Amino acid sequence: MDLATGIGLLGGVGVVFTLIMIDGGNFAAYFDKHAVIVIFGGAIAATMIRFPFSTMLHGLPMGLRYAFTMRSVKPHDLIEEITKIADVVRKSGPIALESMEISDPFLAQGARYIADGYDRDFIRDTMERDRDNFLMHLDEGSKIYRAFGDCAPAWGMIGTILGMVTMFANMSDPSKLGPAMATALLATLYGALIANMVALPIADKLHVKLEEEDVSRSLIIDGILLIRDQKSPSLVREMLIAYLPANHREELAAEAA
């Protein structure tokens, strides 16, 4: 699990709750059903106009899932595992991969292709297509959350304007001024909170995850193709180290020495 996402959200909620408690703890004063309808109904409607319904159906849950999860295997560990696979193939042949436990599903898929004897072009085209499709879906999730974050403050302003119109239209009736003012202010508050504490941070987190997945899956594809070409484990390792940042390369080289 990505603790940073969970801690960040809990921290943001905690800040809001703390401020409300300092001001007297009247949580009921910070709830208005009209403002909730304006923000969530309006922002969701506007986001649905931007994207096909099918895109939202898989983009929203996929985005939420990857915002809260970490990649199970890091590039450093992938290089070590790919090097072991290359060593197994060199010593025992591709068929030995059928009984080998591989932690990363995408890497396991590539190892299965090698074990089954598929040609190089098939492996490259299939794995690159799988990588690109996965990254496309992850990018869609990021765009959906960013679109929602863009819409929420705007709909907060719409709620504020509606509340002010109601307020000014009922200046002669003081009993209606309070609810109208609450709608006006809380709509802006809801829009700002949803955008800046949830939607936009998740969109940025998904963009970071997309870049990580792009590097990891590209590394796996290159490693599988090198193994398919029967390159030595040491050569496979050295060529894949190029995917790592400079400081990680030095650590890997020190471990090898």
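Residues numbered from 1 in each chain as written. Predicted model: local features only at pLDDT ≥ 70, side-chain atom pairs only at ≥ 80, totals over all residues. Heavy atoms only, no water.

1. Things to note about the overall build of the protein
Summing up its helical and strand segments, the protein has nine helices and zero strands in all. Moving toward the C terminus, one meets the helices and strands of the protein in the order α-α-α-α-α-α-α-α-α. In terms of C-alpha radius of gyration, the protein reaches 26 Å, well past the compact-globule figure of 18 Å for 257 residues. If you line up the protein on its principal axes, its C-alpha atoms span 90 × 40 × 30 Å. A separation threshold of at least 6 residues defines the contact pool for the protein, and within that pool the share at least 24 residues apart is 77%. Carbon and sulfur atoms make up 64% of the accessible area of the protein, which amounts to about 13900 Å² in all. Charged side chains in the protein number 23 positive and 32 negative. The centres of these two groups are separated by 2 Å. (Helix = DSSP H or I, 4+ residues; strand = E, 2+ residues; numbered from the N terminus. Rg over C-alpha atoms; globule rule 2.2 N^0.38 Å. Contact = heavy atoms within 4.5 Å. Areas by Shrake-Rupley, 256 points an atom, 1.4 Å probe, with all protein chains shown as cover. Lys, Arg positive; Asp, Glu negative; His and termini not counted. Charge placed at Lys NZ, Arg CZ, Asp CG, Glu CD.)

2. Some points on the UniProt feature "transmembrane region" (unreviewed entry) in the protein
In this numbering, the UniProt entry assigns the feature "transmembrane region" (unreviewed entry) to residues 7-29, 35-53, 152-171 and 177-200. Spanning residues 35-53, this segment combines 89% helix with 0% strand, and its end C-alpha atoms are found 25 Å apart. The span residues 152-171 is 90% helix and 0% strand, and its two end C-alpha atoms sit 28 Å from each other. (UniProt positions renumbered as here; feature names shortened; annotations may be inferred.)

3. Description of a nonpolar patch on the surface
On the surface, a cluster of nonpolar side chains totalling about 480 Å² of accessible area is made up of Phe-40, Ile-44, Met-48, Phe-53 and Leu-57. Elements that contribute at least two residues to the nonpolar patch include exactly α2 (33-50) and α3 (53-67). Here the nonpolar patch gets three residues from one element, more than from any other, and that element is α2. Within the secondary structure, Phe-40 sits in helix α2. (Patch = residues over 30% accessible without salt bridge, like charges linked within 9 Å, V, L, I, M, F, W, Y side chains within 5 Å. Salt bridge = Lys/Arg side-chain N within 4 Å of Asp/Glu carboxyl O.)

4. Remarks on the UniProt feature "domain: MotA/TolQ/ExbB proton channel" (unreviewed entry) in the protein
Here, UniProt's "domain: MotA/TolQ/ExbB proton channel" (unreviewed entry) annotation points to residues 101-213. Secondary structure over residues 101-213 splits into 88% helix and 0% strand, and the C-alpha atoms at its two ends are 21 Å apart.

5. Some thoughts on the packing of aromatic side chains
Applying the stated criterion across every chain yields a total of five aromatic pairs. With a centroid separation of 5.4 Å and 75° between ring planes, the pair formed by Tyr-66 and Phe-134 is classed as edge-to-face. One end of the pair, Tyr-66, is in helix α3; the other, Phe-134, is in helix α6 (residues 120-169), and 68 residues separate them in sequence. With respect to class, Tyr-66 is no different from Phe-134; both count as buried. (Phe/Tyr/Trp six-rings, centres within 6.5 Å; stacked < 30°, edge-to-face > 60°. Buried < 20%, exposed > 50% of the residue type's maximum accessible area, 1.4 Å probe, protein only.)

6. A closer look at helix α5 (residues 105-116)
Here α5 contains twelve residues, and its C-alpha end-to-end distance of 16 Å stays within 8% of the 16 Å for a straight helix at 1.5 Å per residue. Of the residues making up α5, those classed as buried are Phe-106, Leu-107, Gln-109, Gly-110, Ala-111, Tyr-113, Ile-114 and Ala-115. As for α5, its buried residues are in contact with α4 (75-92), α6 and α7 (177-228). Where α5 starts, the residue carrying a side-chain oxygen 3.0 Å from the main-chain nitrogen of Phe-106 turns out to be Asp-104. Positive backbone phi, approximately 80°, marks Gly-117, located one or two places after α5. (Expected span 1.5 Å × (residues − 1). Polar contact = N/O pair within 3.5 Å; in protein donor to acceptor, adjacent residues only side chain to side chain.)

7. Some words on the environment of Val-198
With respect to the helices and strands, Val-198 occurs in helix α7. A sequence separation of 50 residues divides Val-198 from Phe-148, and the C-alpha atoms of the two residues are 9.7 Å apart. Filtering out sequence-adjacent residues up to four positions away, Val-198 remains in contact with Leu-9 and Leu-193.

8. With respect to the packing of α5 against α6
Direction vectors running N to C along α5 and α6 enclose 160°, while the axes themselves pass 11 Å from each other. Classified by the angle between their axes, α5 and α6 sit roughly antiparallel to one another. Regarding α5 and α6, the two cross each other, and that crossing is right-handed. Packed against α5, whose contacting residues are Phe-106, Gln-109, Gly-110, Tyr-113 and Ile-114, the element α6 presents Phe-122, Ile-123, Thr-126, Met-127, Asp-130 and Arg-131 at the interface. Across the contact of α5 with α6, the residue classes break down as six nonpolar, three polar and two charged. (Axes fitted to C-alpha atoms, helices over the stretch in contact; angles between N-to-C directions. Parallel < 35°, antiparallel > 145°, perpendicular 65-115°, else oblique. Left-handed = near helix turned anticlockwise from the far one by under 90°. Nonpolar A, V, L, I, M, F, W, Y, C, P; charged D, E, K, R; others polar.)

9. Here's the deal with the side chain of Thr-160
With respect to the secondary-structure elements, Thr-160 resides in helix α6. Under the relative-accessibility criterion, Thr-160 is labelled buried at 12%. Non-local contacts of Thr-160, meaning those with residues more than four positions away in its chain, are made with Ala-184, Ala-187 and Thr-188.

10. Focus on the side chain of Asp-32
For Asp-32, the location among the structural elements is in the loop between α1 (3-22) and α2. Although Asp-32 is buried, it forms no salt bridge, and the closest oppositely charged side chain is Lys-33 at an N-O distance of 8.1 Å. Engagement of the side chain of Asp-32 in a polar contact is seen with the backbone nitrogen of His-34, the distance being 3.1 Å. Setting aside anything within four residues of it in sequence, one finds Asp-32 in contact with Pro-179, Ala-182, Thr-183, Leu-186 and Tyr-190.

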